[in-house]
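Each chain, letter by letter, is given below.
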Amino acid sequence: MDTNKILVAIDGSENSRRAIDYVAAIIKDCQWFKVKLLYIERSPDRDFFADDDLWKKACVKQRKAMHDFLSKGKQLLLQRGIEEERVQTDYVESCNSPLGGNPDYCSRGTSIAQDILHVAKEEGFGTVAIGRRGVSKAEEFMFGSVSSKIIHSGSNCTIWVVQ
Amino acid sequence: MSESVKQILERLNPNAYVDRYGQVYTDTGDFMRITGGDIIVLNNEHYLVLRDEVERSFGIEDPKYWVKRCRHLETGMRRILKLVFHEEFFLQLGEIKVPCYRSPRKEARILDLVRGDGRFMQGFSAKDPAGNNVRVLDVIRGKRLDQWIHELDFDHKTYFHEYLPQILPKFIAACEAIKFLHDRGEKHGDIRRDHLWVETGTGKYVWIDFDYTFDFHENPFGLDIFGLGGLLLYIVGKGFYSHQNIASLYADGRSVPGIVEGDFLLVFKNRLANLKKIFPYIPESLNWVLMHFSGSSTVYYETVDEFLQDLRPCLQQMA
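Residues numbered from 1 in each chain as written. Chains lettered and ligands numbered in written order. Predicted model: local features only at pLDDT ≥ 70, side-chain atom pairs only at ≥ 80, totals over all residues. Heavy atoms only, no water.

Participant: Would you explain the pairing of strand S3 (residues 87–92) of chain A in this entry?
Facilitator: All names here are of chain A. By the bridge criterion, six bridges tie strand S2 (residues 34–40) to S3 in an arrangement that is parallel. In the strand pairing of S3, Tyr 39 is matched with Tyr 91. Running through helix H2 (residues 52–79), the crossover from S2 to the neighbouring parallel element S3 is right-handed. (Pairing = 2+ DSSP bridges. Helix = DSSP H or I, 4+ residues; strand = E, 2+ residues; numbered from the N terminus. Right-handed = clockwise from strand over helix to strand, strands pointing away.)

Participant: Honestly, the sheet that holds S3 of chain A in this entry has me stumped. Any pointers?
Facilitator: Strand pairing in a sheet relies on backbone hydrogen bonds. The paired strands run either parallel or antiparallel. Residue and element names in this part refer to chain A. As summarised here, the arrangement of the five strands in space is S3-S2-S1-S4-S5, forming an open sheet in which the pairing is parallel. A single partner strand is all that each edge strand has here, and the edge strands are S3 and strand S5 (158–162). Averaged over neighbouring strand pairs, the angle between their axes works out to 20° when direction is ignored. By the bridge criterion, five bridges tie strand S4 (residues 125–131) to S5 in an arrangement that is parallel. Paired with Thr 127 across the bridge in S5 is Thr 158. Strands strand S1 (2–10), S2, S4 and S5 of the sheet are contacted by helix H1 (residues 14–27), whose axis makes an angle of about 155° with S1. (Axes fitted to C-alpha atoms, helices over the stretch in contact; angles between N-to-C directions. Contact = heavy atoms within 4.5 Å.)

Participant: Sorry, what's going on with unusual backbone geometry here?
Facilitator: Excluding glycine, a negative phi dihedral is what most residues carry, and trans is how most peptide bonds are arranged. Residues and elements named next belong to chain B. The backbone phi angle of Asn 44 is positive, close to 65°, even though this residue is not glycine. Mapping Asn 44 onto the fold places it in the loop between strand S2 (39–42) and strand S3 (45–57). A residue is classified by how much of its surface remains accessible, and Asn 44, at 68% relative accessible area, is exposed. Phi is positive for Asp 209, close to 60°, though the residue is something other than glycine. Looking at the secondary structure, you find Asp 209 in the loop between strand S12 (205–207) and strand S13 (212–214). What makes Asp 209 buried here is its relative accessible area of 13%. (Buried < 20%, exposed > 50% of the residue type's maximum accessible area, 1.4 Å probe, protein only.)

Given below as structure tokens:
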């Protein structure tokens with residue numbers, strides 16, 4: 001585990017943009033920190049589409065949007081004065097995506113939190129930063145909460161939850 | 001020239017009675033046009049449409065035009081044909097809106113997965129010449145579990161001691177059936193009281209209707225587990241208890257137990273989860289399972305396994 005490595009998990013939302021902002025503000029004057037922006041792909045559910053063509057189109061659209069978000073997130077860090085060699089991005093594909101690719105690791109879609117913690121552990125990140133949606137108790141009960149699960153399941157790392 | 005309804009009936013079932021001789025359909029896409037007296041041809045077999053299926057809820061009949069009650073003319077057996085109806089909608093659960101979708105291919109996939117498994121409705125799917133995925137379902141002879149329980153004419157205490165010990169093991173078996181789906185990456189999608197039936201003769205519990213789906217990324221089986229919790233609450237309570245129901249239970253002048261907001265379900269805030277407060281003979285362990293679905297809970301079940309790990313020991317305590 002390397003305390004100088006920060007993993008920022010993003011999902012394309014305003015909350016994750018705030019998490020990037022926060023991390024940028026913390027580390028901008030600390031030359032020794034490295035940051036990785038991580039997106040775990042959530043492919044649209046195939047069963048939500050009348051046919052595979054529509055499903056694939058939705059997957060392509062979403063993949064492009066998230067790659068764009070990762071690029072913008074990286075630009076945000078660079079604009080805050082963080083050198084390019086200190087910033088990485090990572091897009092973990094869904095195992096269920098119809099868009100091909102044969103990544104070493106893919107998300108099975110059962111828990112984004114566990115996927116994030118897997119990457120953090122495998123790559124030795126000392127800190128995991130994540131934005132929080134601020135869901136109600138009933139919504140958390142029903143839909144689950146990535147940030148709550150990371151807080152409860154994360155170990156051997158510091159966790160920053162950015163509200 | 002293709003056969004008419006009359007010719008098909010004369011060939012396959014000359015004694016069949018129909019109000020009208022309708023049309024023969026091979027393309028089932030326009031399901032609103034298909035009605036009683038029509039014949040659907042699927043895989044060269046013939047299904048005489050008797051009527052549209054109707055869903056009854058709160059005394060109101062809601063026709064399901066994409067679901068046809070049929071007679072399979074080659075065998076004489078009753079069948080239900082579910083035609084393709086892609087529907088995206090929001091399920092309102094208390095204050096939460098859940099985006100849901102009606103997926104013919106999901107139901108078709110589950111029918112394949114559970115073939116021969118008596119815990120689920122049986123059937124098969126076939127595509128009509130236009131590519132519509134039609135599901136051909138066996139008709140379950142039986143009654144909805146909630147109706148079956150509702151019609152037991154006993155007070156709760158008698159029901160609890162004499163009937164629940166027989167019902168609970170069957171409910172656990174039904175939960176194990178849902179776990180079977182989850183273990184294979186599938187969900188039921190619409191677990192509610194009218195989708196678990198008691199089969200006449202065997203008394204087995206049978207799940208029906210698998211075409212709903214939802215997409216929760218961090219809690220993929222959340223809605224199914226919520227549904228199981230609601231069913232358990234109904235089964236243990238022999239109904240649901242609102243503030244009003246509770247007040248009527250104590251109309252004889254006994255003092256009403258102190259009930260707080262956290263005693264009710266987290267999602268449906270007018271259904272009492274803490275049943276032990278009104279039925280003190282309910283064992284703590286069983287009430288503990290119910291309380292996981294209440295507003296006062298801080299820990300929720302994420303898998304059917306977790307739910308069953310707490311529920312199974314309750315059987316011994318009840319015995």
